[in-house]
Amino acid sequence: MTRLYGNEDAKPELLKGKKIAILGYGSQGRAHALNLRDSGFDVSLGLREGGSSWQLAEKDGWQPQSFSDAANAADLIMFLVPDMAQKALYEEYVAPGLTAGKALFFAHGFNIHYELIQPPKDVDVALVAPKSPGRLVRRQYEEGAGVPCLFATYQDATGQADELALAYAYGLGGTRAGVIKTTFSEETETDLFGEQAVLCGGATELVAAGFETLTKAGYQPEVAYFECLHELKLIVDLLYEGGFKRMHEFVSDTAKYGDLTRGPRVVDDHVRASMETILDEIRNGKFAKEWIDEHQEGEKNYRQLLSDDLDHPIESVGRQLRSHMTWLPAQ
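Residue positions within a chain follow its written sequence, with the count starting from 1. Totals for whole chains, interfaces and linings use all residues, but because this is a predicted model, local features are given only for residues with pLDDT of at least 70 and pairs of side-chain atoms are given and counted only at 80 or more. Calculation of side-chain values draws on the structure's entire complement of heavy atoms; hydrogens and water are dropped beforehand.

Visitor: Is there a simple way to explain the side chain of Q86 in this structure?
Guide: Each helix corresponds to a stretch of at least 4 residues labelled H or I by DSSP, and each strand to a stretch of at least 2 residues labelled E; elements are numbered beginning at the N terminus. As for its position among the elements, Q86 is in helix α4 (residues 83–94). Here the term buried applies to any residue with accessible area under 20% of the maximum for its type, exposed to any over 50%, and partly exposed to those in between, with areas from a 1.4 Å probe on protein chains only. On the basis of relative accessibility, which here comes to 3%, the residue Q86 falls in the buried class. Any pair of residues with heavy atoms lying within 4.5 Å of one another is described as a contacting pair. Sequence-distant contacts of Q86, that is, excluding residues within four places in its chain, are made with F79, V81, F106, N111 and I117.

Structural data, given as structure tokens:
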């Protein structure tokens, strides 16, 4: 069985006395920075001067610096800006001050795996990837728990890259929940596949298709919303808590029979073949090239696709229904 690394495997003392620069203060950046600071590490923030994240950081008690000032002074530099911003940030602000023995850390392997960033051989290059949105990374830490993490070493110049990654995961609270060793290629390819085929692309397309099928057949949009989107959270929570077994424990026999006999007709051989094609495009670099080209050409197609997605009728129905759900966070 795959080894799970815990608190007892980490050596947080390896990061004591080292300066850690977090580049970016979005969902993950804020969680990483606050958790590491609360764990007693020396953390600074590198941000775009005057941006909205700069103001948020100041409200959180930070004294943010420019990207270059934070990176130049740091022993360990964690990239937590969007994937498509990392190459330019590295080349303009990080590379000029990068000296032997420093460490470059990432929470997603995209830029290293697809060689957008090619670090010198005399620095450590490692990855620590919490398997959770940043807000939950922070909340679990505050509650004395943590979220599982992956860690990987791409380049071990100092002989301590693995240990530094585990120490960093400890600072996030990840070793409280368990940390798994992986590779940059495995993390990148499985993460992209999960997003595209299941978690984002697969889930939203399935929800939209179910909603469209019911409303086309004449059922009320509000009822279709509840059946195809609202109740999905209830099922996902059960799966999260205890896998298929727990879900089966809490749904009716009718639901289970429908699941077991009709589910394979929805996710059939054609869907599985499409998933294999999607994985092939991730592994051979086709998806990465397509996304990089889209970004370099101004993201016009991406923006149009996003706009079309948010114009789906399920969105307007959902906004109306959620306005009555007072327990939901304000949007």
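Visitor: Can you help me understand the pattern of salt bridges in this one?
Guide: Pairs can form between side chains of opposite charge whenever their charged atoms are close. The term salt bridge refers to a side-chain nitrogen of Lys or Arg lying within 4 Å of a carboxyl oxygen of Asp or Glu. Inspection of the entire model under this criterion finds 16 salt bridges. Between D237 and K233 there is a salt bridge; the shortest N-O distance is 2.5 Å. Here D237 pairs with K233, and both are found in helix α12 (residues 232–250), just 4 residues apart, close to one helical turn. K233 sits in the exposed class, given a relative accessible area of 52%. Residues E241 and R246 are paired through a salt bridge, measuring 2.6 Å at the closest nitrogen-oxygen approach. Via salt bridges that share partners, D38, R138 and E142 belong to a single interconnected network.

Visitor: Help me understand a negative patch on the surface, please; the structure alone is not making it clear to me.
Guide: On the surface, E205, E212, D308, D309 and D311 cluster together into a patch of negative charge. Elements represented by at least two residues in the negative patch include exactly α10 (201–216) and α16 (300–310). Within the element layout of this structure, D309 appears in helix α16. A patch consists of residues whose relative accessible area exceeds 30% and which take part in no salt bridge; residues with like charges are grouped when within 9 Å of each other, and nonpolar side chains (Val, Leu, Ile, Met, Phe, Trp, Tyr) when within 5 Å. Methods summary: accessible areas were calculated by the Shrake-Rupley approach with a probe of 1.4 Å, and residue burial reflects only the protein chains presented. Under the convention used here, Asp and Glu are negative, Lys and Arg are positive, and both His and the chain ends fall outside the count. Think of each charge as sitting on NZ of Lys, CZ of Arg, CG of Asp or CD of Glu.

Visitor: Mind showing me how you'd approach helix α7 (residues 161–172) here?
Guide: An α-helical turn contains 3.6 residues, so any two residues separated by three or four positions project in the same direction. Expected helix span is computed as 1.5 Å times (number of residues minus one). Its 12 residues place the ends of α7 17 Å apart at the C-alpha level, agreeing with the 16 Å of an ideal helix rising 1.5 Å per residue. Within α7, 9 of the 12 residues are buried, which leaves the element mostly enclosed by the surrounding structure. Every buried residue of α7 is accounted for by A161, L164, A165, L166, A167, Y168, A169, G171 and L172. Backbone geometry just after α7 places G173 at a positive phi near 95°.

So far we have only geometry, and geometry alone does not tell us how the molecule works.
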